[in-house]
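In case you want the letters, here they are:
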Amino acid sequence: MTATQTADARAQAWRQVGAHLAAHGWNWNGETPRRLSGGFANRNYLITLNGQPHVLRHPPEGDLPPGAHDMAREHRILSRLSKQLPFIPDSLHLCEDRAVLGVPFQILEYRAGLVVRGEDMSELAGRADAPARLSQMMVATLARLHRVNAEEAGLGDLGRPDGFLDRAIAGWAKRGALVARHEAARARIGEIAAWLQGQRFAPRPPTVLHCDFKLDNIILDPETLAPVALVDWDMGTRGDPLFDLATLLSYWVEPNDPPALRALGQMPTRQPGFWTRDQAARHYAELTGCDLTDLPALRVLALFKLGIVFLQLHRQWLDGAVSEAVYEGFEAIGEGILDVAQDATTKL
């Protein structure tokens, strides 16, 4: 397909979106939605509806991993959780008819604010207090999320908390086996999965989980650095709250971490002034009363998942679902993270 044909097809898709939205009471002004920056997977567009800015969000095209990029799940979570927490944007409309855009999509409430992407702290230059404030904000926001009563929020039947960790281990092992191209990586995935399956995790009351909680999924008030919106909920569920904390800490890189973690560049936490992972974990325990005995092993699980996510993203690039050059290096990053996870198992 030529560039002109691709543009024409996209324009036709937007016209179909406009017609669908009009049938549901939304007035689109006809301006082509603008792709918002950030994220490696789901696509977010700024679109003007009924005279106000909104976000149109949809998964990437092409074959997707089982259970990933679930717009229906995200819509359900946001439309309920937004009534419980002020920093959760509402999901206002869900379209599951693939004839409209080719993929499911949803319309989200737009929240303006500051997003700290990767290791770039330039927007906060000169604010010496920013690293510590961001550290505290991330942990406090996660703890606040985990205090939500799922039953009261209408999410009491979300996910399957019983056996959550066992399914997570088995599920990510299966996904890893499907996308790993090198024998060494497949062997590493099997070894880590076997180690995780041998752990005995203490039972904890389930909470609502985000499952990809990190700094660039939080839109901030640029002055106070308070959370304006916690976004990217397509993997949300209920389960062990320490899994969410471990996920956050898998992104929380420190200056002396192995090169594979430093290559992540997902959060600026190795810069001066940010808390260490240990400080963050202890503050979470202070806020929630949660025992952290299982956290080191759960961080192995979070690193296991993260390494496989990067392998999945690389596979999307190989399959042509994405074209950005940055994806080419994700296989090496994913395999490096798996090496870090394997090394961690030898020290626990």
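Coordinates for the structure precede this section.
Owing to the predicted nature of the structure, the values given are computational and were not obtained by experimental measurement. (Residues numbered from 1 in each chain as written. Predicted model: local features only at pLDDT ≥ 70, side-chain atom pairs only at ≥ 80, totals over all residues. Heavy atoms only, no water.)

A.B. asks: Please explain the overall build of the protein as it appears in this structure.
C.D. replies: Each helix and strand counted, the protein has 11 helices and 9 strands in total. For 348 residues, the compact-globule estimate of 2.2 N^0.38 gives 20 Å, and the C-alpha radius of gyration of the protein, at 20 Å, lies within 12% of that figure. The buried share of the protein, taken over its 348 residues, is 52%. Only carbon and sulfur atoms are counted for the fraction: they give 51% of the accessible area of the protein, which is about 15500 Å². Averaged over its 36 positive side-chain charges, the protein has a centre that lies 1 Å from the centre of its 42 negative ones. (Helix = DSSP H or I, 4+ residues; strand = E, 2+ residues; numbered from the N terminus. Rg over C-alpha atoms; globule rule 2.2 N^0.38 Å. Buried < 20%, exposed > 50% of the residue type's maximum accessible area, 1.4 Å probe, protein only. Areas by Shrake-Rupley, 256 points an atom, 1.4 Å probe, with all protein chains shown as cover. Lys, Arg positive; Asp, Glu negative; His and termini not counted. Charge placed at Lys NZ, Arg CZ, Asp CG, Glu CD.)

A.B. asks: Please explain helix H6 (residues 183-197) as it appears in this structure.
C.D. replies: Every α-helical turn comprises 3.6 residues, leaving residues that sit three or four positions apart pointing alike. If you check H6, its first and last C-alpha atoms are 21 Å apart, about what 15 residues at 1.5 Å a residue would give, namely 21 Å. Regarding H6, the residues found buried are Ala 185, Ile 189, Ile 192, Ala 193, Trp 195 and Leu 196. Buried residues of H6 fall within an arc of 160 degrees about the axis and therefore sit on the same side. Summarising the geometry of H6, the exposed residues directed more than 90 degrees from the buried face are Glu 183 and Ala 184. On its buried face, H6 sits against helix H5 (164-179), helix H10 (295-318) and helix H11 (330-345). (Expected span 1.5 Å × (residues − 1). Arc of directions from axis to C-beta. Contact = heavy atoms within 4.5 Å.)

A.B. asks: Explain the environment of Met 71 here, please?
C.D. replies: Along the chain, Met 71 falls in helix H2 (residues 71-81). Spatially, the C-alpha atom of Met 71 lies 35 Å from that of Thr 345, the residues being 274 residues apart in sequence. Among all residues touching Met 71, those that are not within four sequence positions of it are Asn 42, Arg 57, His 58, Pro 59, Leu 94, Pro 104, Phe 105, Gln 106 and Asp 234.

A.B. asks: Help me understand the packing of aromatic side chains, please; the structure alone is not making it clear to me.
C.D. replies: Two aromatic rings, taken as a pair, are described by how far apart their centres are and by the angle between their planes. This structure, assessed with the given rule, holds 4 aromatic pairs. For the ring pair Phe 164 and Phe 243, a centre distance of 5.4 Å and an interplane angle of 80 degrees mean the geometry is edge-to-face. Taken together, the residues Phe 164 in helix H5 and Phe 243 in helix H7 (residues 241-251) connect sequence positions 79 residues apart. Connected via pairs of aromatic rings, a cluster forms that spans Phe 310, Tyr 327 and Phe 330. (Phe/Tyr/Trp six-rings, centres within 6.5 Å; stacked < 30°, edge-to-face > 60°.)

A.B. asks: Just checking my understanding: could you explain the sheet that holds strand E3 (residues 52-58) for this structure?
C.D. replies: What links the strands of a sheet is backbone hydrogen bonding, and the strands pair in either a parallel or an antiparallel sense. The strand order across the open sheet formed by 5 strands is E1-E2-E3-E5-E4, and the pairing between neighbours is antiparallel. The sheet is open, and its two edges are formed by strand E1 (34-35) and strand E4 (91-95), each paired on a single side. By the bridge criterion, 2 bridges tie E1 to strand E2 (residues 43-49) in an arrangement that is antiparallel. Within E2, the residue paired with Arg 34 across the bridge is Leu 46. Of the strands in this sheet, E3, E4 and strand E5 (105-109) touch H2, which is tilted by about 155 degrees from E4. (Pairing = 2+ DSSP bridges. Axes fitted to C-alpha atoms, helices over the stretch in contact; angles between N-to-C directions.)

A.B. asks: Explain the side chain of His 283 to me, please; I cannot follow it from the model alone.
C.D. replies: Tracing the sequence through the fold places His 283 in helix H9 (residues 277-288). Contact partners of His 283, with chain neighbours within four places excluded, come to Gln 136, Val 139 and Trp 275.

A.B. asks: Looking at this structure, how should I read the pairing of E3?
C.D. replies: When a strand is regular, its side chains alternate between the sheet's two faces. Across the 7 residues that make up E3, a large majority, 5, are buried. As judged from the 7 bridges shared by E2 and E3, these two strands associate in the antiparallel manner. Within the sheet, the bridge partner assigned to Leu 46 lies in E3 and is Val 55. The turn linking E2 back onto E3 is made up of 2 residues, and Asn 50 within it adopts a positive phi angle of 50 degrees.

A.B. asks: Sorry if this is basic, but what is going on with the side chain of His 20 here?
C.D. replies: Structurally, His 20 is set in helix H1 (residues 3-23). Looking at His 20, its side chain comes within polar contact range of the side chain of His 93, at 2.8 Å. Setting aside residues up to four positions removed in sequence, His 20 forms contacts with His 93, Cys 95, Val 100 and Phe 105. (Polar contact = N/O pair within 3.5 Å; in protein donor to acceptor, adjacent residues only side chain to side chain.)

A.B. asks: What should I look at first to understand the pattern of salt bridges in this one?
C.D. replies: Working definition: two side chains of opposite charge can pair if their charged atoms are close together. Enumeration according to the criterion identifies 19 salt bridges in this entry. Here Arg 186 makes a salt bridge to Glu 183, at a shortest N to O gap of 3.0 Å. Taken together, the residues span about one helical turn, with Arg 186 and Glu 183 both in helix H6 at a distance of 3 residues. A salt bridge links Asp 216 to Lys 214; the nearest nitrogen and oxygen atoms lie 2.7 Å apart. Here Asp 216 matches Lys 214 in class, with each residue buried. The network of salt bridges with shared partners includes Arg 57, Glu 74, Asp 232 and Asp 234. (Salt bridge = Lys/Arg side-chain N within 4 Å of Asp/Glu carboxyl O.)

A.B. asks: Just checking my understanding: could you explain the packing of helix H4 (residues 130-146) against H9 for this structure?
C.D. replies: Between H4 and H9, the shortest axis-to-axis distance is 9 Å and the interhelical angle comes to 35 degrees. When the axes of H4 and H9 are compared, the crossing they make is right-handed. The segment H4 lies against H9, with Gln 136, Val 139, Ala 140, Leu 142, Ala 143 and His 146 engaging Ala 280, His 283, Tyr 284, Leu 287 and Thr 288. Looking at side-chain class alone, the contact of H4 with H9 contains 7 nonpolar, 4 polar and no charged residues. (Left-handed = near helix turned anticlockwise from the far one by under 90°. Nonpolar A, V, L, I, M, F, W, Y, C, P; charged D, E, K, R; others polar.)

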